[in-house]
Structure formats: C-alpha cells, structure tokens
Amino acid sequence: MREVCIDGAPLVVDDLIHDKSAAAARVTFRESIEITTGTLNEVASESIGEAIAYLRRIEPAIVELAAGFRDLPGAAEFDSLRQLYEGLYWLNLLLDRLQSAFGVDLGPKISSDAVREYHRRFSAILKRLIGAQEGEDYSVIAGVLESEILPLVPIWKAMFEEVGKKFRTRQ
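This write-up is about the structure you can find in this document. On a predicted model such as this, the values are computed, not experimentally measured, just so you know.

Some points on the overall build of the protein
- Secondary structure summary: the protein contains 7 helices and 3 strands in total.
- In sequence order, the protein lays out its α and β elements as β-β-α-α-β-α-α-α-α-α.
- Each of the 171 residues in the protein was classed as buried or not, and the buried ones make up 34%.
- When contacts within the protein are restricted to residue pairs at least 6 apart in sequence, long-range pairs at least 24 apart make up 78% of them.

Observations regarding the packing of helix α3 (residues 40-70) against helix α4 (residues 75-102)
- Look at α3 against α4: their axes get within 10 Å of each other, and the N-to-C directions meet at 150°. Viewed along their axes, α3 and α4 adopt a mutual orientation that is roughly antiparallel. In this structure, the crossing between α3 and α4 has a hand that is left-handed.
- In terms of residue class, the contact of α3 with α4 is built from 19 nonpolar, 6 polar and 2 charged.

Considerations on the nonpolar core
- Ranked by internal contacts, the top residues of the largest apolar core, which has 39 residues, are L145, W156 and F160.
- Those elements that place two or more of their residues in this core are α3, α4, α5 (112-134), α6 (138-149) and α7 (152-170).
- In terms of residue count, the dominant contributor to this core is α3 (11 residues).
- Ignoring anything within four residues of it in the chain, the contact list for F160 reads I48, A51, I52, L55, L91, L94, L95 and L98.

Considering the pairing of strand β1 (residues 3-6)
- By the bridge criterion, 2 bridges tie β1 to strand β2 (residues 9-10) in an arrangement that is antiparallel. Its bridge partner being in β2, I6 is matched across the sheet by A9.

Structural notes on α3
- Compared with the 45 Å implied by 1.5 Å per residue over 31 residues, the 43 Å span of α3 between its first and last C-alpha is a close match.
- The principal kink in α3, of about 30°, is found at I58, preceding the proline P60 by one to four residues.

With respect to the pattern of salt bridges
- Applying the stated rule across the entire model yields 5 salt bridges.
- Linking R70 and E146 is a salt bridge whose minimum nitrogen-to-oxygen distance equals 2.3 Å. Placement of R70 in helix α3 and of E146 in helix α6 is noted, with a sequence separation of 76 residues between them.
- Judged by relative accessible area, R70 falls into the partly exposed class, the value being 48%.
- R82 is the salt-bridge partner of E86, the closest N and O atoms lying 2.7 Å from each other. Within this pair, E86 and its partner R82 are both found in helix α4, separated by 4 residues, close to a single helical turn.
- Overall, the relative accessible area of 37% leaves E86 in the partly exposed class.
- Here R82 falls in the partly exposed class, since its relative accessible area comes to 32%.
- Through salt bridges with shared partners, a single network forms among D79, R82 and E86.

A short note on the environment of V63
- Its location among the elements puts V63 in helix α3.
- Owing to a relative accessible area of 40%, V63 belongs among the partly exposed residues under this scheme.
- On a C-alpha basis, the gap between V63 and L145 in space is 7.6 Å, while along the polypeptide they are 82 residues apart.

Considering the environment of L65
- With respect to the helices and strands, the residue L65 is situated in helix α3.
- Of the residues examined, L65 reaches a relative accessible area of 9% and is grouped as buried.
- In sequence terms L65 and A142 are 77 residues apart; their C-alpha atoms lie 7.5 Å from each other.
- Leaving out residues up to four positions away in the same chain, L65 has contacts with E77, S80, L81, L84 and L145.

Calculation notes
- Residues numbered from 1 in each chain as written.
- Predicted model: local features only at pLDDT ≥ 70, side-chain atom pairs only at ≥ 80, totals over all residues.
- Heavy atoms only, no water.
- Helix = DSSP H or I, 4+ residues; strand = E, 2+ residues; numbered from the N terminus.
- Buried < 20%, exposed > 50% of the residue type's maximum accessible area, 1.4 Å probe, protein only.
- Contact = heavy atoms within 4.5 Å.
- Axes fitted to C-alpha atoms, helices over the stretch in contact; angles between N-to-C directions.
- Parallel < 35°, antiparallel > 145°, perpendicular 65-115°, else oblique.
- Left-handed = near helix turned anticlockwise from the far one by under 90°.
- Nonpolar A, V, L, I, M, F, W, Y, C, P; charged D, E, K, R; others polar.
- Core = buried A, V, L, I, M, F, W, Y, C linked by side-chain atoms within 4.5 Å.
- Pairing = 2+ DSSP bridges.
- Expected span 1.5 Å × (residues − 1).
- Bend = angle between axes of the 7 residues up to and from the residue.
- Salt bridge = Lys/Arg side-chain N within 4 Å of Asp/Glu carboxyl O.

Below, the structure is given as structure tokens:
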C-alpha cells in the first residue's frame, strides 16, 4: 500500500499514533477513502527515495540541533531529538528490510562486513546519546550529534544510493 486518503487528504501514520481520538473521528465521519497500491518494487523504490531525501534534510538539522543542546535546550530540542531517533530507527529498519526481503547486496563499495560494523557502531552511538540524555549531559549530546551521528549521514546516503541503483536495474 502506498497511500491512504480520507476525503482527499492523506492519512498520516503519525496522526494515528499521536492523536488517536482525532484520527478515529476523521475515519468515522468520512465521505470517501482512497487506497493507492503499488508493487513491492515500487514501494521499495519510493522508500529509498524518501530515505535519501530525509538524509539530505537531517544533515543541516543535526548541526542546528547540536547547537541547541550547547545552549540551554528546551522542549523543541527534545522533540527534535525524539524525531531524529525515530527517523534513524526508520532508516535502519528500512535498510534491514530491503536487504532481507530482496537479498540486495550493497556491492563492492559497501561490504556486508562494513554494514554489520556500521550497525554495531550505530547501536553504541545511540546508547551513548540516550545515556547522555538521561544524565542530562547536554554537551555530550551536542558532541555525539556532531562528531558521531553527522559523519554517518554520508554513509547512509551511499548505502541507500547503492540499493537504489540495484532497484532501478531490476525494473
């Protein structure tokens, strides 16, 4: 499934998760529900494109977020950090699913060992980031964002671009 629209407006999964009563009311009082489907390859290709676009957007956002944690962070910074966690989780999940569902090999540029090492490293970085957040050590959060998360963005881009090339050759 690629998209669900209720009365012409896209249904956003976050709306269902964060505001269940509004989402329920929206589904209950409807005139039309449209569901757009696609092949698994089409959905995967679209997801790869969204992942690359997301990575382009978060690169400058990570720099801004780190600066926000160097100052006295407020609710907006913590919300942005939560959204970053969710986005990074989505990227990792997507890459894992693409590799397992389609048997996509990232090729000579990025070996399977490099991907495993990347996952191990990324997990350790996230643990440090969460520990710093729980310990209210905001300078560590800023440092981890800038020196450890930000350098991973080009690696993610390379992985998704390589996977995207594999999908374009399949279609």
